[in-house]
Amino acid sequence: MTNQEIVTLYPKIFSPLWKRSPLKIFFSLLIFSYLIFSIKYFNISVTELLNGLNKMKPILLSMVTWNDFLSWNFNSILVGILQTLAMAFLGTFAASVISIPLGLLASRQVTKINLFRFIVRRILDFIRGVDILIWALIFVRAFGLGPLSGVLAIFVADTGTLSKLYSEAADNSDNKQIEGLVSSGSTKLSTIRFGLMPQVVPIFISQSLYFFESNSRSAVILGIVGAGGIGLQLSERMKAQYWDQAFFIIIIILIMVALIDKLSRFLREKLIND
Amino acid sequence: MNKITSDNHYKNLIGKKRFWNLSLIILIFIGVILSSKIIDINVSNLLNGMPRLGDYVSQILPSIESNKLFLGSKDQGSIAYWYFNLPKYLKLLFETFNMALLATIVGSTLALFLSFLAAKNTSPNSLLFFSIRRILEFFRGVPEIIFAILFVWVLGIGPLAGIIAMTLHTTGSLGKLFSEVHENSNNKPIEALKASGGNWLSEMKFGLLPQVLPNLISYALLRFEINIRASTILGFVGAGGIGQELYLVINFNYYEEVSAIILLIILTVISIDLLSGYLRKNITRIEND
Amino acid sequence: MKPLRIKNLKKKFKDTVAINNINLEVEQGKITGIIGRSGSGKSTLLRMINRLIEPTEGSIEFNGIIITDIRGKALRRWRSECAMIFQQFNLVDRLDVLTNVLIGSLGRSYSFLNLFGYFSKEEKINALKNLDRFELAEKSLQRSGTLSGGQQQRVAIARALMQKPKILLADEPISSLDPKNSKKVMDDMLKINREDGITIICNLHSLEIAKKYCDRLIGLSEGEVVFDGKPNQLTADIAKKLYDLDDE
C-alpha cells in the first residue's frame, strides 16, 4: 500500500485533533478558561504572591529556631492534647451509642415503612451537610467556651455520618438468620437482638474506631473557635506570632495523629480477624 | 475422647470471646470516665446547658408564618424577610464554590506530578521518593484551617489564603492516594515502554496514566466534595467564602440569618455531593465516549 | 557475522545463581531459540541483553559497543534497537491499538509533543503499515484490551517493528496462547526475520515449535549452556536431560 492509500483508507486517524477527540479538547479548553476566569475573579497577581512569599521567609525561619525552648509552657500543651483526645473519645462514644437506634431505624431490615426511613435519612443528610466546625461555633455560642462544646460538635456531626454507615451495615446483613428467627415466631425486638445485632456489632465497633481516629484529627481544629483542646493552644500562639511554639505543637499533633492511626488500625485488624 | 477435646476447644473459644468482649467494655468504660474527668463534664452541667441550647435553637429558627409566606422582604414572617440578604449570600456561596474548585484543580494537578515521584514502583530515585513522601505527609497531616491562619497572616484577609491552604492540603492527601494507586497498577506496560527505550516521562504518560486515570479522577471528585465542605468554614479565620459571613452572624447574634446561611450551605453541599457522586459512578462510561 | 557477543555473563539474585558464566555469539539475521525448563535462566538472559536486569559480572557486546556499560541516552538508544516482546504482551489495555503501536517509536524519535498524545503523520503511516502486515490495521482504533491474546501479541510485534530494531528478543511469546494463535505468532516472527532480516532471539518452552522455527538452539539448565547446535542435532537424550530435571 502506498502512503496516500493508507491516508484515504483511514481518514479518521489522519483528521485533525479536534475532530478525533473533541471531548478531550473541550474539557481542556474548559479547564483552561476556568483558570483564566479564576485569576480574574480572585484578583490573583504574581507580585502579590511573591510579596507573600517574602513575608513567609522570616516566619519559616522562626518556626525552626527554638531559642527559649526550655521556657515554653509544656503543661498547657499536654493538657491541650489530653483534652483533644478526651473530646474525640467522648464525642465518638456518644455518637456511637445514639447511632445504634438511629441507624437501625434508617435501615430497611428494621423499618419497613419507606416514608419513615426516607425522613430519617434526609435528617441525617442534613446533619452531615454542616461542617463540624460550624457545629462547634453554634455550641460555643449556646454553651460557652470550652471542651463541652467540642464534644457536642463531634457528637452531632458524627451522629449524621455514623448512623448512615450503621444503617448501611444493617442493610447488608444476612437475611437468612433474621428470617429464621421470624419464622420461629420471635418478637420484633428479639429478632433484632439475636438475628441482626451479632452480625453488625463488629462492623459498628470497627467503624466507630475509625471515626475516633478521624475525630482526633478534627478535634484538633475545634479549639480555633473556642471549643477547647490543642487547637486553642495552637491558634493562640499563631495569633501571638510565636511561630516556633506553633510549629512545635503542629509536630506534636502530627505525632499524636500518627500514633492514634497505628493504634486504631491494630485494634480494627484484631477485631476483623477474630 | 474426640468429642471432649472439641467441646473444650469450643469452650475455650467462647471464653476467649467473652474475655475480649468484657475487656473491651471495661476499656470503653475507663475511657469515658477518664475523658469526662479531663474535660470536666458531668451530668449537672450538661443538664444545665440543655435549656440554653433549646433557647438558642428556637432563636435561630426563622419566624415563618404560613399566611405571610410569600409576602415581601419588609413583612416579618415571610421567606423574603428571612432571606432579605440572599444576593449577598449567593455571591459568597459562589466565591466558596470557586475556592473549592480552583484548589481542587490546582491541588490535584500538583498531586499528579508529585505522585509519580512518591510511588515506590515509579519513583526514579529513592532519595526523591523518601523526601516527597515526607512532604506530602506533612501537607496532609496539617489541617487546612491551620494553613489558612498562616496564609491570612502572610497574604491578608481574603479567599486567596483559603485557596492556597486548601491547595496544599489537597496536594498532600491526593498525592498520597494517587501514589498508592500507582503502586497497585500493572507494571507490565511500563516495562514494555522501558524495554523499547522510552524515557521516564513517556513511561508515565503511556504506560501508567491510562491505567490509573479513572481512579485518579474519582479521587479528585471525592476531594472536591471535601473541599466544598472545608471552604465553608475557612472564613472563620478570614480566609474567604461564606464562612466569614456565618462567623459574623453567629457572633453578633443575627439569629435568623444563622439558620438562613446554614440551610444554604447544606443545600449546596448536598447538591454538589449528588452531582459528584453521579460523575464518579459514570466516570468510565463518560471516558469511553 | 556475529554482532552479539556475550562474555562470562553472570547474574546472582541474593544467594541463587540465575546465570552462571555464559559465553555466546549470536549470528546476524538468524532465529536463535533458547530452550530449557522454567527457572533455567532463559528470561533473565534475555532481560540482561535489553538491560531490564543488570548483570552481576561479564559483558554483552553489540557491533563492538559494550552495551553493559552504557547509560542514559545511549542505553535508551540501545533498547530501541533491541526490541522486546513478552509473554503477557505488555500492551496498555486502555489505549487503542494504534497508540500502542506508536509507543514503539518513542525510544527512536521522541519529542515533547508526544506527551500530549501527538504523533507525526509519518509515524502514523508507519504504524498502520506495520499493523497491516499482520492484518490488524482495521482494528487500529479499538482498545487493545478488547483483542484476543493472539492479536495482542501481533500488535506487540507491530510495536516492536516501530522501533526499527536490529534485534528482537521474544520472551516466551506464545506461552499464554492456544496452538492456533501460537502458530500465527510464530509465522509472523518468521516473516519479519526473513523479510526484514531482523535477528531474533526467542525463549521457548515448546521443543516442537523451537525445532520447527529456529535456525539454532541453545539449551539452558540452571543458568548454564548445556546444548548449542542446530535443531536436528538435538537428540531425544539431550532433550530429556533438558526438561526432565524435575523428576530427580
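Residues numbered from 1 in each chain as written. Chains lettered and ligands numbered in written order. Predicted model: local features only at pLDDT ≥ 70, side-chain atom pairs only at ≥ 80, totals over all residues. Heavy atoms only, no water.

Caption draft 1: The arrangement of the overall build of chain C in detail. Helices and strands together make up the secondary structure of chain C, namely eight helices and ten strands. Taken over the C-alpha trace, chain C has a radius of gyration of 18 Å; the compact-globule value for 248 residues is 18 Å, and the two agree within 12%. For the C-alpha atoms alone, the extent of chain C along its principal axes is close to 55 × 40 × 35 Å. Every one of the 248 residues in chain C was classed for burial, and the buried ones make up 54%. In chain C, once contacts between residues fewer than 6 apart in sequence are set aside, the share between residues at least 24 apart is 71%. Put simply, chain C shows about 11,100 Å² of open surface, and 47% of that area lies on carbon and sulfur atoms. The centroid of the 40 positive side-chain charges in chain C is displaced by 5 Å from the centroid of its 32 negative side-chain charges. (Helix = DSSP H or I, 4+ residues; strand = E, 2+ residues; numbered from the N terminus. Rg over C-alpha atoms; globule rule 2.2 N^0.38 Å. Buried < 20%, exposed > 50% of the residue type's maximum accessible area, 1.4 Å probe, protein only. Contact = heavy atoms within 4.5 Å. Areas by Shrake-Rupley, 256 points an atom, 1.4 Å probe, with all protein chains shown as cover. Lys, Arg positive; Asp, Glu negative; His and termini not counted. Charge placed at Lys NZ, Arg CZ, Asp CG, Glu CD.)

Caption draft 2: The arrangement of the overall build of chain A in detail. Tallying secondary structure elements over chain A gives 13 helices and zero strands in all. Reading chain A from its N end, one meets helices and strands in the order α-α-α-α-α-α-α-α-α-α-α-α-α. The C-alpha atoms of chain A give a radius of gyration of 27 Å, which is well past the 19 Å a tight globule of 274 residues would have. Seen through its principal axes, chain A has C-alpha atoms that stretch 80 × 75 × 40 Å. When contacts within chain A are restricted to residue pairs at least 6 apart in sequence, those whose partners lie at least 24 apart make up 73%. Working note: accessible area of chain A is about 14,400 Å², and carbon and sulfur atoms make up 69% of it. Both charge centroids of chain A, one from 25 positive and one from 16 negative side chains, sit 6 Å from each other.

Caption draft 3: Broad picture of the domain arrangement of chain A. Assigned domains of chain A: these are domain 1 (3-48) and domain 2 (80-273). Distance between the C-alpha centres of domain 1 of chain A and domain 2 of chain A: 45 Å. (Domains from an automatic or database assignment.)

Caption draft 4: Region of the structure containing helix α12 (residues 230-239) of chain A. All names here are of chain A. By the criterion of burial, α12 is predominantly enclosed, with seven of the ten residues buried. Here α12 has its buried residues at Ile230, Gly231, Gln233, Leu234, Ser235, Arg237 and Met238. Directly beyond the C-terminal end of α12, a positive phi value near 65° is found at Gln241.

Caption draft 5: Summary view of a nonpolar patch on the surface. A surface patch of nonpolar side chains, amounting to about 630 Å² of accessible area, comprises Leu78 and Leu82 of chain A together with Leu22, Ile26, Ile30, Leu34 and Ile38 of chain B. If one sorts the elements of the nonpolar patch by residue count, helix α1 (residues 2-39) of chain B sits on top with five residues. Looking at the secondary structure, you find Ile38 of chain B in helix α1. (Patch = residues over 30% accessible without salt bridge, like charges linked within 9 Å, V, L, I, M, F, W, Y side chains within 5 Å. Salt bridge = Lys/Arg side-chain N within 4 Å of Asp/Glu carboxyl O.)

Caption draft 6: Main features of the interface of chain A and chain B. Counting residues at the interface gives 57 residues for chain A, matched by 59 residues for chain B. Where chain A meets chain B, there are zero salt bridges. At the junction of chain A with chain B, the criterion picks out eight residue pairs in polar contact (both at pLDDT 80 or more). Sorting elements by how many residues they give to the side of chain A that touches chain B places helix α8 (residues 132-143) of chain A first, with eight residues. Counted by class, the side of chain A that touches chain B contains 41 nonpolar, six polar and ten charged residues. (Polar contact = N/O pair within 3.5 Å; in protein donor to acceptor, adjacent residues only side chain to side chain. Nonpolar A, V, L, I, M, F, W, Y, C, P; charged D, E, K, R; others polar.)

Caption draft 7: Structural detail: helix α5 (residues 126-141) of chain B. Residues and elements named next belong to chain B. Taking 1.5 Å of rise per residue, the 16 residues of α5 would be expected to cover 22 Å, and the 22 Å separating its terminal C-alpha atoms lies within 8% of that figure. Listed in full, the buried residues belonging to α5 are Phe129, Ile132, Arg133, Leu136 and Gly141. Looking straight down α5, one finds its buried side chains confined to an arc of 160°; they lie on one side. In this structure Asn125 caps α5, since a side-chain oxygen of it lies 2.7 Å from the backbone nitrogen of Leu127. (Expected span 1.5 Å × (residues − 1). Arc of directions from axis to C-beta.)

Caption draft 8: Here's a closer look at the side chain of Ser196 of chain B. Take Ser196 of chain B: it is sitting in the loop between α8 (188-195) and α9 (200-231). Polar side-chain contacts of Ser196 of chain B include one of 3.0 Å to the backbone oxygen of Leu193 of chain B. Residues within four places of Ser196 of chain B in sequence aside, it is in contact with Arg79, Ser80, Ile103, Gly107 and Gln163 of chain C.

Caption draft 9: Geometry of the pairing of strand β4 (residues 57-62) of chain C. Residues and elements named next belong to chain C. By the bridge criterion, five bridges tie strand β1 (residues 4-13) to β4 in an arrangement that is antiparallel. When the bridges of β4 are listed, Lys10 appears paired with Glu57. Relative to strand β5 (residues 65-66), β4 is paired through two bridges, and the arrangement is antiparallel. Directly across from Glu61, in β5, lies its bridge partner Ile66. Connecting β4 to the antiparallel partner β5 that follows it, the hairpin turn spans two residues, and Asn63 within it adopts a positive phi of roughly 50°. (Pairing = 2+ DSSP bridges.)

Caption draft 10: Local environment of the sheet that holds β4 of chain C. Residues and elements named next belong to chain C. In spatial order, the strands read β2-β1-β4-β5; together these four strands make up an open sheet with antiparallel pairing. Strands with a single pairing partner mark the edges of an open sheet, and in this sheet they are β2 (16-26) and β5. Running over the sheet, helix α1 (residues 42-49) touches β1, β2 and β4 and is turned about 120° from β1. (Axes fitted to C-alpha atoms, helices over the stretch in contact; angles between N-to-C directions.)

Caption draft 11: Looking closely at the sheet that holds strand β9 (residues 216-221) of chain C. Residue and element names in this part refer to chain C. One open sheet accounts for six strands, arranged β6-β7-β8-β3-β9-β10; its pairing is mixed. The open sheet has two edge strands with one neighbour each: β6 (82-85) and β10 (224-229). Each neighbouring strand pair of the sheet contributes to a mean axis angle of 20°, computed without reference to strand direction. Two strands pair when backbone bridges link them, and β6 and strand β7 (residues 167-171) are joined in this way by four bridges, in the parallel orientation. Residue pairing across strands places Cys82 opposite Ile167, the latter belonging to β7. Packed on one face of the sheet, helix α5 (residues 149-162) meets β6 and β7 and runs near 170° to β6.

Caption draft 12: Spatial organisation of the packing of α5 of chain C against helix α6 (residues 179-196) of chain C. Residues and elements named next belong to chain C. Closest axis-to-axis distance for the α5/α6 pair is 9 Å, and the angle between their directions is 15°. Of the possible angle classes, the one that applies to α5 and α6 is roughly parallel. Seen along the crossing, α5 lies across α6 with a hand that is right-handed. Contact with α5, carried on its side by Gly150, Gln153, Arg154, Ile157 and Leu161, involves Asn181, Lys184, Val185, Asp188, Met189, Ile192 and Asp196 of α6 and no other residues of that element. In terms of residue class, the contact of α5 with α6 is made up of five nonpolar, three polar and four charged. (Parallel < 35°, antiparallel > 145°, perpendicular 65-115°, else oblique. Left-handed = near helix turned anticlockwise from the far one by under 90°.)

Caption draft 13: Looking closely at the interface of chain A and chain C. Taken residue by residue, the interface counts nine residues in chain A and eleven residues in chain C. Carbon and sulfur atoms make up 71% of the area that chain A and chain C hide from each other, which totals about 990 Å². Summed over the three residues of chain A that lose the most area to chain C, namely Tyr10, Ile13 and Phe14 of chain A, the buried surface amounts to 49% of that side. Applying the counting criterion to the chain A and chain C interface returns zero salt bridges. Scanning the region where chain A abuts chain C turns up two residue pairs in polar contact (both at pLDDT 80 or more). (Buried area = accessible area lost by both parts, 1.4 Å probe.)

Caption draft 14: Representation of the nonpolar core in the model. The biggest cluster of nonpolar side chains holds 107 residues, and the ones touching the most others in it are Ile134 and Leu222 of chain A together with Ile145 and Leu246 of chain B. Considering each element in turn, this core owes the most residues, eleven residues, to α8 of chain A. Each residue touching Leu222 of chain A, except ones within four places of it in the same chain, is listed here: Met87, Ile132, Leu133, Ala136, Gly150, Ile154, Ala227 and Gly228 of chain A. Judged by nonpolar contacts, the second largest core, of 59 residues, contains Ile85, Leu106, Met162 and Ala239 of chain C. (Core = buried A, V, L, I, M, F, W, Y, C linked by side-chain atoms within 4.5 Å.)

Caption draft 15: Quick look at the environment of Ser185 of chain B. Residues and elements named next belong to chain B. Relative to the helices and strands, Ser185 is located in the loop between α7 (159-183) and α8. What makes Ser185 buried here is its relative accessible area of 15%. Taking the C-alpha atoms as reference points, Ser185 and Val212, separated by 27 residues in sequence, lie 7.1 Å from one another. With residues up to four places along the chain from it excluded, the contact list for Ser185 reads Asn121, Leu208, Gln211 and Val212.

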